[in-house]
Amino acid sequence: SLGGAPRWHMQTSKGSFGAQQASVSAATPWKGFDLMALADVNHSNNDFRFFDDNGTEYNLGDDTWASRRNSDFTSLRTIVKMGRRVGAHRLQVHGVHDVRHKGLPGIGNFQSLQTRFDTWNHLAEALLYGPFGNAGGYRLRLYHSLDRGTFKDLAGEVGAARDHDETTTRGVGARGEIAQLAGQQRLITLFADTRQEQFDGRDLLRDGAPKPSARRRAVSVGGEAEVPVGMGIIVHTGGQWEGFDDRFFDDGNFVPAAPLSPIHDRRGLWGARVGFSADVAAGWIVKGHAGRYGRAPSFFELFGDRGAIVGNTDLTPESGQQRDLGLH
């Protein structure tokens with residue numbers, strides 16, 4: 001975290017299945033800024049044993065214990081943060097990089113030996129927050145993201161055919177929140193955000209030939225309220241609306257030289273929830289919640305390809321209900 005006296009931290013650990021981890025971080029104030037940097041490395045062979053029925057569920061004679069193969073991974077995460085006070089407000093920027101090299105072991109007894117999946121993720125974010133009005137606060141967020149994945153299955157071990165492709169998703173967005181205390185300690189929060197995502201792919205088996213791209217624009221608005229109603233009971237309620245404007249191509253029968261007609265899809269999703277918390281006695285709190293939620297399919301669900309898992313451009317948004325009750 002940012003702030004405080006100069007400090008540094010280092011740790012390392014080892015575990016079963018070849019697991020190794022090492023991290024180092026340092027933080028210090030500098031000319032009115034707070035600075036922090038972190039690097040974390042993880043590795044595991046992930047060669048645990050599992051019971052292999054050899055693909056014959058009802059033939060017990062060929063069942064045996066086997067070790068998981070091609071399930072190793074190595075990852076590196078770096079974080080750099082910088083922040084400073086601007087009057088009563090605070091400005092903070094940070095960048096996060098994640099690099100991961102891993103094997104895909106296949107399904108059940110059909111273990112792959114060479115299939116790999118590499119990812120490279122980057123997030124740059126700027127935050128500005130501080131007081132708003134007499135008894136409130138605000139938070140503004142700007143961000144840019146870049147996610148790249150490379151799937152390599154040259155022997156067709158995981159999927160139905162040979163694969164070597166690269167996909168890239170770029171995103172840029174902004175979000176604003178305002179929270180305000182009202183009478184009787186009611187807390188009201190309003191938010192709005194907008195974002196755009198761009199999806200592109202390349203077929204590395206065809207000398208990097210581009211695949212059809214996709215673009216999504218989205219905007220959402222909503223609010224929440226926390227209202228004490230007496231007798232130790234607090235009611236929480238909220239809702240939001242999210243609109244999508246998608247433009248993509250159905251690449252199910254994609255031929256690079258053939259013309260493609262874009263699919264243009266505009267949709268709106270909404271969600272609402274209500275909950276409560278009641279202080280019963282002696283520190284025990286009863287909590288409950290009910291809500292309806294909606295979610296649009298992600299780019300990976302629409303276009304992704306991991307051999308055994310392939311995207312489907314016919315997917316539509318899903319919705320669901322959730323209820324829970326608990327004692328804390």
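Right, let's walk through the structure included here. (Residues numbered from 1 in each chain as written. Predicted model: local features only at pLDDT ≥ 70, side-chain atom pairs only at ≥ 80, totals over all residues. Heavy atoms only, no water.)

1. Focus on the overall build of the chain
Then, in step 1: A tally of regular secondary structure across the chain gives one helix and 18 strands.
Then, in step 2: Its C-alpha radius of gyration of 25 Å places the chain more than 25% over the 20 Å reference for a compact globule of 328 residues.
Then, in step 3: Over its C-alpha atoms, taken along the principal directions, the chain stretches across nearly 70 × 50 × 50 Å.
Then, in step 4: The proportion of buried residues among the 328 residues of the chain is 31%.
Then, in step 5: Considering only contacts within the chain whose residues lie at least 6 apart along the sequence, 55% involve residues at least 24 apart.
Then, in step 6: Here the chain displays about 19,700 Å² of accessible surface, and carbon together with sulfur accounts for 57% of that area.
Then, in step 7: Side-chain charges in the chain split into 38 positive and 38 negative, and the spacing between the mean points of these groups amounts to 8 Å. (Helix = DSSP H or I, 4+ residues; strand = E, 2+ residues; numbered from the N terminus. Rg over C-alpha atoms; globule rule 2.2 N^0.38 Å. Buried < 20%, exposed > 50% of the residue type's maximum accessible area, 1.4 Å probe, protein only. Contact = heavy atoms within 4.5 Å. Areas by Shrake-Rupley, 256 points an atom, 1.4 Å probe, with all protein chains shown as cover. Lys, Arg positive; Asp, Glu negative; His and termini not counted. Charge placed at Lys NZ, Arg CZ, Asp CG, Glu CD.)

2. As for the pairing of strand β12 (residues 163-181)
Here is the key point about a regular strand: its side chains alternate between the two faces of the sheet.
Then, in step 1: Strand direction decides the pairing type here: strand β11 (residues 136-153) and β12, joined by 18 bridges, are antiparallel. Looking at the pairing, Phe 151 lines up with Asp 165 of β12.
Then, in step 2: By the bridge criterion, 17 bridges tie β12 to strand β13 (residues 187-203) in an arrangement that is antiparallel. Bridging from a neighbouring strand, Gly 171 pairs with Glu 197 of β13. (Pairing = 2+ DSSP bridges.)

3. Quick look at the environment of Leu 2
Then, in step 1: In this fold, Leu 2 is placed in the segment before β1 (7-14).
Then, in step 2: The spatial distance from the C-alpha of Leu 2 to the C-alpha of Met 82 is 7.7 Å, given a sequence separation of 80 residues.
Then, in step 3: The contact partners of Leu 2, leaving out residues within four places of it in the chain, are Arg 7, Asp 34, Leu 35, Met 36, Lys 81, Met 82, Gly 83, Arg 90 and Gln 92.

4. Considerations on the packing of aromatic side chains
Then, in step 1: Applying the stated criterion to the full structure yields six aromatic pairs.
Then, in step 2: A ring pair is formed by Phe 299 and Phe 303, whose centres lie 6.0 Å apart and whose planes are at 45°; its orientation type is tilted. Remark: Phe 303 and Phe 299 occur in helix α1 (residues 299-303); sequence separation between them is four residues, near one turn of the helix. Exposure class is identical for Phe 299 and Phe 303. Each is buried.
Then, in step 3: Following the ring pairs from residue to residue traces out a cluster consisting of Phe 199, Phe 248, Phe 299 and Phe 303.
Then, in step 4: Its guanidinium or amino end placed over the ring of Phe 33, Arg 84 lies 4.7 Å from that ring's centre, counting from NZ or CZ.
Then, in step 5: Stacked on the ring of Phe 299, the Lys or Arg Arg 216 has its end atom at 5.5 Å from the ring centre. (Phe/Tyr/Trp six-rings, centres within 6.5 Å; stacked < 30°, edge-to-face > 60°. Lys NZ or Arg CZ within 6 Å of the ring centre and 35° of its normal.)

5. Re a nonpolar patch on the surface
Then, in step 1: A cluster of nonpolar side chains, Val 41, Leu 76, Val 99 and Trp 120, forms an exposed patch at the surface whose accessible area comes to about 290 Å².
Then, in step 2: For Trp 120, a relative accessible area of 30% translates into the label partly exposed. (Patch = residues over 30% accessible without salt bridge, like charges linked within 9 Å, V, L, I, M, F, W, Y side chains within 5 Å. Salt bridge = Lys/Arg side-chain N within 4 Å of Asp/Glu carboxyl O.)

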